Amino acid sequence: MPLPSYNPAEYDALLAGKVARFKEDFAPFAVPEPAVFPSAPLHYRLRAEFRMWHDGARVDYAMFDPAEPKLPIAIDDFPPAAAPISAAMPRLRDALMACEVLKRKLFQVDFLATLSGELMITLIYHRPLEETWEAAATELAATLGAQIIGRSRKQKIVVGRDWLQEEIELNGRRLRYKQIEGSFSQPNGEVNRKMLGWACARAEGIGGDLLELYCGNGNFTVALAPQFGRVLATEVSKPSVEAANYSLEANAIDNVTMVRMSSDEISDAYTGGREYRRMDGVDLASYHFTTLFLDPPRSGLDAGTLQLASGFENILYISCNPLTLQANVAALQATHRIAEAAVFDQFPYTHHLECGLLLTRR
Ligand SMILES: C[S@@+](CC[C@H](N)C(=O)[O-])C[C@H]1O[C@@H](n2cnc3c(N)ncnc32)[C@H](O)[C@@H]1O
């Protein structure tokens, strides 16, 4: 099997195939016609990771054909990568080749960019990093206009910041977010903007309070909060909670309480389970929840969260895995029907599809 091809001429047909599969998979649940949100056909990915291949004085970005995983294929560019990554790739490679201290035992390079034009480059080594590395990396950061992080076993050196500030225009607002190196952020920035817009339009006029699980850096929280009375947002990862708190402050949002809790913990607390110190000061009984917002990892919802969801009037569910979404919708069939559906092409030229559903109580 060759490396994936990124041919814009094939894009529409590939997306049509995915939409058809979605409609077929969800037909047993009487899914309405989905709204379809395409991606830009090129330069859509805000993240890219490459192994680095050394050959004499050369170093190259390498990709691997799954059929021949030991044979590196050197690449000069990566068409899906967002503009700041595409522009930096050849400049970084040339700078590495010109500087032994930056090049030696460099194993991998991770790029993270934002729609706001910021760029972070993580250089991962199979050797300890010394002061001369930091001096060279500081020069590189200035040349490329990027944040640079050096990683090696038990070592992390940050040149600049280990986070980026994203800014997203949405419905006349300019939303600001913190995106921390190594934490989750949506890979396709423009499609993410479309997801935020779709979710806000679905929430229009519902009112009451919102419970959000898997909130990450507050991506949806910041967009949705003004449409609800109060919001209780939860997330398990500590850096993501820190980023979410930053995002709330940066957007002057004051009706959200953030709690670091896993989905099964919040489900347990909600149904009167054990007491959680992290819930101190949060009076669950004082909320008038009308809506549950969910954006879980690929594994979908655990049994406790499904139980929790079954009691809500409205469930807004964003999923990166139609298979687990199908299973979760099946489990909620007795209580909820699909009122609206959307597909978001976060991952062009792959079989992956992001979907959104509004489920309302029967
Ligand atoms: C698909 S991401 C969505 C994040 C966020 N909604 C966004 O749009 O960027 C899923 C998030 O769920 C978090 N997560 C994973 N397992 C979890 C669990 N059991 N309980 C709560 N959060 C979890 C991850 O840390 C990640 O931030």
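Residues numbered from 1 in each chain as written. Predicted model: local features only at pLDDT ≥ 70, side-chain atom pairs only at ≥ 80, totals over all residues.

Let's talk about the site of the ligand
At step 1: Looking at the ligand, there are 20 residues lining it, with Y214, G216, N219, V236 and S262 nearest.
At step 2: For the shell around the ligand, the class distribution of residues is 9 nonpolar, 9 polar and 2 charged. (Near = placed C-beta within 6 Å. Nonpolar A, V, L, I, M, F, W, Y, C, P; charged D, E, K, R; others polar.)

Re the domain arrangement of the chain
Note: interface size is frequently given as the accessible area lost on complex formation between the parts.
At step 1: Per the domain assignment, the segments making up the chain are domain 1 (8-41 + 188-361) and domain 2 (47-164).
At step 2: On a C-alpha basis, the centres of domain 1 and domain 2 stand 33 Å from each other. (Domains from an automatic or database assignment.)

Brief notes about the UniProt feature "binding site: S-adenosyl-L-methionine" (unreviewed entry) in the chain
At step 1: Taken from the UniProt record, the annotation "binding site: S-adenosyl-L-methionine" (unreviewed entry) applies to Q186, Y214, N219, E235 and D295.
At step 2: Following the sequence through the fold, Q186 ends up in the loop between strand 10 (173-180) and helix 5 (189-203).
At step 3: Judged by C-beta crowding, with 25 C-beta atoms within 10 Å, Q186 ranks as buried.
At step 4: Apart from residues lying up to four places away in sequence, Q186 is in contact with N192 and N219.
At step 5: Inspection of the secondary structure puts Y214 in the loop between strand 11 (209-213) and helix 6 (219-224).
At step 6: Leaving out residues up to four positions away in the same chain, Y214 has contacts with E235, S263, L294, D295 and P296. (UniProt positions renumbered as here; feature names shortened; annotations may be inferred. Helix = DSSP H or I, 4+ residues; strand = E, 2+ residues; numbered from the N terminus. Buried ≥ 20, exposed ≤ 12 C-beta atoms within 10 Å, placed from the backbone. Contact = placed C-beta atoms within 7 Å.)

Quick look at helix 2 (residues 83-97)
At step 1: The end-to-end C-alpha distance of helix 2, which contains 15 residues, comes to 22 Å, matching closely the 21 Å that a straight helix rising 1.5 Å per residue would cover.
At step 2: A maximum bend of about 30 degrees is found in helix 2 at M89, where proline P90 lies one to four positions downstream.
At step 3: Along its buried surface, helix 2 packs onto strand 2 (47-55), strand 3 (58-65), helix 3 (100-103), strand 5 (106-113), strand 6 (119-125) and helix 4 (131-144). (Expected span 1.5 Å × (residues − 1). Bend = angle between axes of the 7 residues up to and from the residue.)

Here we look at the sheet that holds strand 7 (residues 147-152)
At step 1: Pairing within the open sheet is mixed, and its 7 strands lie in the order 4-3-2-5-6-7-8. Each end of this open sheet is capped by a strand with a single partner; those strands are strand 4 (68-75) and strand 8 (155-159). The sheet shows a mean angle of 30 degrees between the axes of neighbouring strands, direction not considered.
At step 2: Sheet topology places strand 2 next to strand 3; 5 bridges connect them, and they run antiparallel. Bridging from a neighbouring strand, R51 pairs with A62 of strand 3.
At step 3: Relative to strand 3, helix 2 is tilted by about 130 degrees, and along the sheet it contacts strand 2, strand 3, strand 5 and strand 6.
At step 4: Lying on the sheet, helix 4 is in contact with strand 7 and strand 8; it crosses strand 7 at an angle near 150 degrees. (Pairing = 2+ DSSP bridges. Axes fitted to C-alpha atoms, helices over the stretch in contact; angles between N-to-C directions.)

Describing the UniProt feature "active site" (unreviewed entry) in the chain
At step 1: Listed under "active site" (unreviewed entry) in the UniProt record, and renumbered for this structure, are C320 and E354. Taken together, the annotated residues stretch across 35 residues yet fold into one region, lying no more than 4.3 Å apart by C-alpha.
At step 2: With respect to the helices and strands, C320 occurs in the loop between strand 15 (314-319) and helix 10 (322-331).
At step 3: Setting aside residues up to four positions removed in sequence, C320 forms contacts with R298 and E354.
At step 4: Within the element layout of this structure, E354 appears in strand 17 (residues 354-361).
At step 5: Those residues in contact with E354 that lie beyond four places of it in its chain are I318, S319, C320, F344 and Q346.

As for the pairing of strand 15
At step 1: The buried fraction of strand 15 is high, at 6 of 6 residues.
At step 2: Here strand 15 shows a buried face lined by N314, L316 and I318 and a second buried face lined by I315, Y317 and S319.
At step 3: Sheet analysis places strand 14 (residues 289-294) next to strand 15, joined by 4 bridges and oriented parallel. Residue L294 lies in a different strand from strand 15, and its bridge partner there is Y317.
At step 4: Regarding topology, helix 9 (residues 303-309) serves as the crossover connection from strand 14 to the parallel strand 15, and that connection is right-handed.
At step 5: Pairing of strand 15 with strand 17 involves 6 bridges; the strand directions are antiparallel. The residue of strand 17 that forms the bridge with N314 is T360. (Right-handed = clockwise from strand over helix to strand, strands pointing away.)

Topic: unusual backbone geometry
At step 1: You will see that A30, though not glycine, has its phi angle at about 50 degrees, which is positive.
At step 2: If you trace the backbone, A30 turns up in the loop between helix 1 (8-26) and strand 1 (35-37).
At step 3: Residue A30 is classed as exposed on the basis of its C-beta count, with 8 C-beta atoms lying within 10 Å.

Digging into the sheet that holds strand 14
At step 1: Pairing is mixed in the open sheet, where 8 strands are placed in the order 1-16-17-15-14-11-12-13. Two strands bound the open sheet, and with one partner strand each, they are strand 1 and strand 13 (256-260). Taken pair by pair, the neighbouring strands of this sheet meet at an average axis angle of 15 degrees, ignoring direction.
At step 2: Inspection of the sheet shows strand 11 paired to strand 12 (residues 231-235) by 3 bridges, in the parallel sense. Considered in strand 12, the bridge of L211 is made with L232.
At step 3: Of the strands in this sheet, strand 12 and strand 13 touch helix 7 (residues 238-250), which is tilted by about 170 degrees from strand 13.

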